[in-house]
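Reading the structure
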Amino acid sequence: MLDPKLLRTGLEQVVQNLARRGFVLDSGRYGRLENDRKALQVKVEQLRSERNDRSRMIGKAKASGKDIQPLLDEVQSLGDNLKLRAAELEQLQAELDGFLLGLPNLLDESVPQGNSEEDNQEVRSWGTPPVFDFPALDHVDLGAGIGELDFEAAALVAGARFSVMRGSLARLHRALIQFMLNEHVEQHGYEEIYVPYLVNAAALEGTGQLPKFGDDLFAVKGDQEFYLIPTAEVPVTNQVRDSIQSPEDLPLKFAAHTPCFRSEAGSYGKDTRGMIRQHQFEKVELVQIVRPEDSAAAHEELTDHAERILQKLKLAYRVVVLCSGDTGAGAAKTYDLEVWLPGQEKYREISSCSNCRDFQARRMGARWRNPATGKPELLHTLNGSGVAAGRALVAVMENYQQQDGSIRIPEVLQPYMNGLEVISLPKG
RNA sequence: GGAGAGGUGGCUGAGUGGUCGAAAGCGCUCCCCUGCUAAGGGAGUAAGGGUUAAAAGCCCUUCGAGGGUUCGAAUCCCUCCCUCUCCGCCA
């Protein structure tokens, strides 16, 4: 959420910033809502103040044994009027809140202008894509070849956009997760955290998935309103909701491994082959909760932590900064890590690292006590995949493939694979 | 699933219809005293919002959430959520 005060005092500036995303802020509607709110709120509070005064007088009169009936008569009409106006205000406030919750975050000045993915800008790249002296297969064919990746089995028990892994491949997937989590905890100073995979609506509103992006979520049937998490960002970042953090505890750095569930509504026909885009996938997520002045540096640091995973896996990748039109609603700035996939001969997103500034913090009520002012102030939140495990598996399979269809195990993962060096094809 | 207890400020915890946003203690901040240390004394210390260019001031809201009763609710009534204890069941 944006600062309501900023909207009141610097509307034009907000309108222009959001226009960079292609977002049109209806300033006429906002102006009307805000004007009405102001008038009504002043009125309601005035009425309440009056009522409180009268009630106090009645209390005093009663205590001193006077007749309070005349005072009661006098106050009669006040209550009804107040009730009516208060209800009006409540409705108006709800409308205004809805409007505010629907606004995306302000973009960082450094975010390049653009409309789509096409306009994202490469910041740097690492490694060189492997050159094969044979036709490279994609992970679907490789998985079928080793007999350990089965989409038909998944369709049988669930449907499209699910996968079943078996044997060494399933273990390799798990090895990736263990490796990444260990790196972040042992090398990068994150606290490992285990969190619920089902969350309530308030948490999703806190991180910005609701109210606007509910279509991407799976809601769970039952007495209580639960949603499957689309990313660990939701339960992890919401750890600080409605709280005031002590400055000495900052920054908070969490690393979590969770499955993620996405309906992928609106992506029909996109990445239908293989496990690039699934309803369920595993991810190791990094979250940092920092002082406002530290968030830009933390963003670079967090991105670097994700990059180190790819470096240790010796996977070629590039870092792009998302353009104004492609940056997610909650983010002020986002770096995507794109890993080279020989099967597609393309760089594909494997991590997304965002600085949300105070956008989520304001929704969550996540604050810290600034020693300089002694006052509670909003924190900054950041999150990034470090990295998506399913796609990392795809990348390893395709980049480490050999002519006979076998797959080498990256060195750093071998300890997690009981020393296994190659996943070979079944005999016969 | 059954039975009970409870949710109050950073924390502990009092408060059962009228200056209660809330006693007391702890913690924290500032000041004083004491040649260090220890101890002592005093003052202050919730959050959100409105009004304002901003501040001061003033006002409103908040004692788990939502409704209700009342001139007036932390206190009374209803519904829900959460936590804890015991029993049962269970990975």
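Now for a look at the structure at hand. (Residues numbered from 1 in each chain as written. Chains lettered and ligands numbered in written order. Predicted model: local features only at pLDDT ≥ 70, side-chain atom pairs only at ≥ 80, totals over all residues. Heavy atoms only, no water.)

On to the protein's contact with RNA strand B, then. Near RNA strand B there are 21 residues, and of these Arg 8, Arg 37, Lys 38, Ser 55 and Arg 367 occur at the shortest range. Counting only atoms of RNA strand B within 4 Å of the protein, the fraction found in sugar and phosphate groups is 75%. Contacts to RNA strand B include Arg 8, whose side-chain N or O atom sits 2.4 Å from a phosphate oxygen. The separation between a base nitrogen of RNA strand B and a polar main-chain atom of Ser 55 is 2.8 Å. Going through the elements one at a time, α1 (4-9), α3 (27-63), α4 (69-101) and β14 (366-370) are the ones with two or more residues in the surface near RNA strand B. In terms of residue count, the dominant contributor to the surface near RNA strand B is α3 (13 residues). Of the residues in the surface near RNA strand B, the class split is five nonpolar, six polar and ten charged. (Near = heavy atom within 4 Å. Polar contact = N/O pair within 3.5 Å; in protein donor to acceptor, adjacent residues only side chain to side chain. Helix = DSSP H or I, 4+ residues; strand = E, 2+ residues; numbered from the N terminus. Nonpolar A, V, L, I, M, F, W, Y, C, P; charged D, E, K, R; others polar.)

Quick look at the pairing of strand β13 (residues 346-357) now. Looking at chain direction, strand β12 (residues 333-341) and β13 are connected through nine bridges and run antiparallel. Of the residues in β13, the one forming a bridge with Glu 338 is Glu 349. The hairpin formed by β12 and β13 contains four residues between the paired strands, and Glu 345 there has a positive phi angle of roughly 50 degrees. Sheet analysis places β13 next to strand β16 (residues 380-388), joined by four bridges and oriented antiparallel. In the sheet register, Ser 354 faces β16, and the bridge partner there is Asn 383. (Pairing = 2+ DSSP bridges.)

Right, let's get into the pattern of salt bridges. Summed over all chains, the structure comprises 21 salt bridges. Of the charged contacts in the structure, one is a salt bridge between Asp 304 and Arg 308, with a shortest N-O distance of 2.9 Å. Highlighted residues: Asp 304 and Arg 308, both in helix α10 (residues 295-312), separated by four residues, approximately one helical turn. A relative accessible area of 40% places Arg 308 in the partly exposed class. Residues participating in the shared-partner salt-bridge network are Glu 264, Asp 271, Arg 277 and Arg 348. (Salt bridge = Lys/Arg side-chain N within 4 Å of Asp/Glu carboxyl O. Buried < 20%, exposed > 50% of the residue type's maximum accessible area, 1.4 Å probe, protein only.)

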